[in-house]
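# Coordinate analysis (summary)
Below are the chains, spelled out letter by letter.
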Amino acid sequence: MTYQQLKSKDLLKIKTLGELKAAGYQTQSIKEELRQNLIKKIKAKENVFEGIWGYEDTVIPDIERAILSRHNINFLGLRGQAKTRIARQMTLLLDEYIPVVAGSELNDDPLLPLTSFAIELIAEKGDDTPISWWHREKRYTEKLATPDVSVADLIGDVDPIKAATMKLSYNDERVIHYGLVPRSHRSIFVINELPDLQARIQVALFNILQEGDIQIRGFKLRLPLDIQFVFTANPEDYTNRGSIVTPLKDRIESQIITHYPKSIEIGKQITAQEAKVNGKPMEKIHVPELMKDLIEQVAVEARDSEYVDEKSGVSARLTISAYENLLSAAERRIYLNDENNTVTRIADLIGIIPAITGKVELVYEGEQEGAGLVAYNLIGKAIRTLFAEYFPTPEQKKKDKEGNPYVLPLSWFGEGNHIDILASQSDKEYKKALHQVPGLEKITTEFVKSLPEKEKEFFMEFALHGLAEYSQLSKKLLDTGMQFKDLFSSMFDMGAPTDDDFDDDDLN
């Protein structure tokens, strides 16, 4: 049986260097280790990066090519594009355990020791040198680049306390306290937001990436560190806060560009996977697929909006937080009305506004409530976009000989009637309000194919919101919901703002 065929329980029984040699262990670099394990997974048709959606044909093949090429990697992309998550999952391509010289500060390879401690110990004890085992989960180091990061943090410094305690001369390299990078020998080392790292600190990484030596307070040490470097960067960082110095960029062999989900379906998979629903009464809350689509469409509208800074991006965390808020709005209604179950409502989307305002950077910040207006406007645009997938638009029906199917409900509102749809009202009151609008149920059952009975009122409300977005009705934002009324009569209402008040001029 070869060393590679040994099970973890058998490896952990090996306690000395002699036993390790007898088992057939051979030194292997971390990049070669990643490469060989990736090859095994590709041949076995295994998914290397579980839970990473939308990158199957773009980013993941680039990562696999970089690993096969033994490259250091820089992930370049806007926030919320799973850059750090991918880096963390690379640990799954490492061997479960690797041997180290017991007690060595830099986790020395028993056959290729770096530190004077390991070299002297092996010289003294030979095959009796004690061996310990290092699990792959501990072979990952992550550092967020901030302006206060120093060379001492990353590379190391002379430790005067250590020198005094051990009575060592400052000429003795044992007085060095190693930083994060040397301590990540034989590991994956990640620096997030690399451009935020000061240029002089980036320069300190040059020799480590290329030549394999470090300099600390006059000590020039030949340390051929074995590290898989992974960096992440936001394109905005190159201009706003800093940049990656050219020689360092030149030493990072593969730069991989990430992106946002290219379809609503992929976005829904990510949201469903990441949303925290533990403890919520999910069996009591029904979320129509259209509502999930609306949540994702809000993010799509935000990424295309002229009011949102496209350089900053719109994180996938927006939809995740919005979905969690949506569920909480429905959950709150169950408790308020002491009901056994509920269906999410379009009016519940008011509750996701706080999840939007903190996730978008506006081109013009303006007043404090500006972000709230933009968020409300994005929800309206999402409704307008998806309305056309379920119902004919009023503009379409004006050209049809069949006539406008919305005449009956619009006429009812034209007679001075109005309805209030509140996020907190009971299901009974909610249904009663919607069913008093003549023709609304008929329109819904006629145009929405395969309509589940429990989603009927949801789509009836959606139809009202859609008509309002197409300027057929007035929609006034209330504190806890919406009020629908005739568009013409609303012009004489000087109360709360309507959708028509939230025009583009107010956002400038």
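Our subject is the structure that appears above.
In this report, we go over the structure that sits alongside the text. (Residues numbered from 1 in each chain as written. Predicted model: local features only at pLDDT ≥ 70, side-chain atom pairs only at ≥ 80, totals over all residues. Heavy atoms only, no water.)

This part covers the overall build of the protein. A count of helices and strands for the protein gives 24 helices and 16 strands. For the protein, with 508 residues in total, the buried portion stands at 51%. A separation threshold of at least 6 residues defines the contact pool for the protein, and within that pool the share at least 24 residues apart is 75%. Looking at the protein as shown, the accessible area adds up to about 24,600 Å², and 49% of this sits on carbon and sulfur atoms. (Helix = DSSP H or I, 4+ residues; strand = E, 2+ residues; numbered from the N terminus. Buried < 20%, exposed > 50% of the residue type's maximum accessible area, 1.4 Å probe, protein only. Contact = heavy atoms within 4.5 Å. Areas by Shrake-Rupley, 256 points an atom, 1.4 Å probe, with all protein chains shown as cover.)

Let us now look at the pattern of salt bridges. All told, the structure shown has 21 salt bridges when counted by the stated rule. Notably, a salt bridge pairs Glu 105 with Arg 183, separated by 2.8 Å at the nearest N-O pair. Of this pair, Glu 105 sits in the loop between strand E2 (97-101) and helix H6 (116-125) while Arg 183 sits in helix H9 (residues 180-183), placing them 78 residues apart in sequence. Residue Glu 105 is classed as partly exposed on the basis of its relative accessible area, which comes to 29%. Judged by relative accessible area, Arg 183 falls into the partly exposed class, the value being 31%. The residue Lys 268 makes a salt bridge to Glu 289 at a minimum N-O spacing of 2.7 Å. Note that Lys 268 is positioned in helix H14 (residues 264-274) and Glu 289 in helix H15 (residues 289-304), a separation of 21 residues in sequence. Residue Lys 268 is classed as buried on the basis of its relative accessible area, which comes to 12%. (Salt bridge = Lys/Arg side-chain N within 4 Å of Asp/Glu carboxyl O.)

Our focus in this paragraph is the sheet that holds strand E11 (residues 254-257). What the 5 strands build is an open sheet, ordered E4-E7-E10-E1-E11; its pairing is parallel. Pairing within the sheet leaves two strands with one partner each, and these edge strands are strand E4 (140-144) and E11. With direction set aside, neighbouring strand axes in the sheet form an average angle of 20°. In this sheet, strand E7 (residues 187-192) lies alongside E4 in parallel orientation, the contact comprising 5 bridges. For Leu 144, the partnering residue across the bridge sits in E7 and is Asn 192. Along the sheet, helix H3 (residues 30-43) contacts E7 and strand E10 (227-233); its crossing angle with E10, the most-contacted strand, is approximately 80°. (Pairing = 2+ DSSP bridges. Axes fitted to C-alpha atoms, helices over the stretch in contact; angles between N-to-C directions.)

Moving on, we get to empty space enclosed by the protein. Evaluation of the coordinates by the stated rule reveals 1 cavity of 30 Å³ or more. Secondary-structure elements contributing two or more residues to the lining of the largest cavity are helix H18 (370-390) and helix H23 (456-469). Here the lining of the largest cavity gets 4 residues from one element, more than from any other, and that element is H18. Residues belonging to the lining of the largest cavity are distributed by class as follows: 7 nonpolar, 2 polar and 3 charged. (1 Å grid on protein atoms, 1.4 Å probe; cavity = no way out; pocket = protein on both sides within 12 Å on 5 of 7 lines; lining within 4 Å. Points joined across faces, edges and corners; volume = space filled by probe spheres on them. Nonpolar A, V, L, I, M, F, W, Y, C, P; charged D, E, K, R; others polar.)

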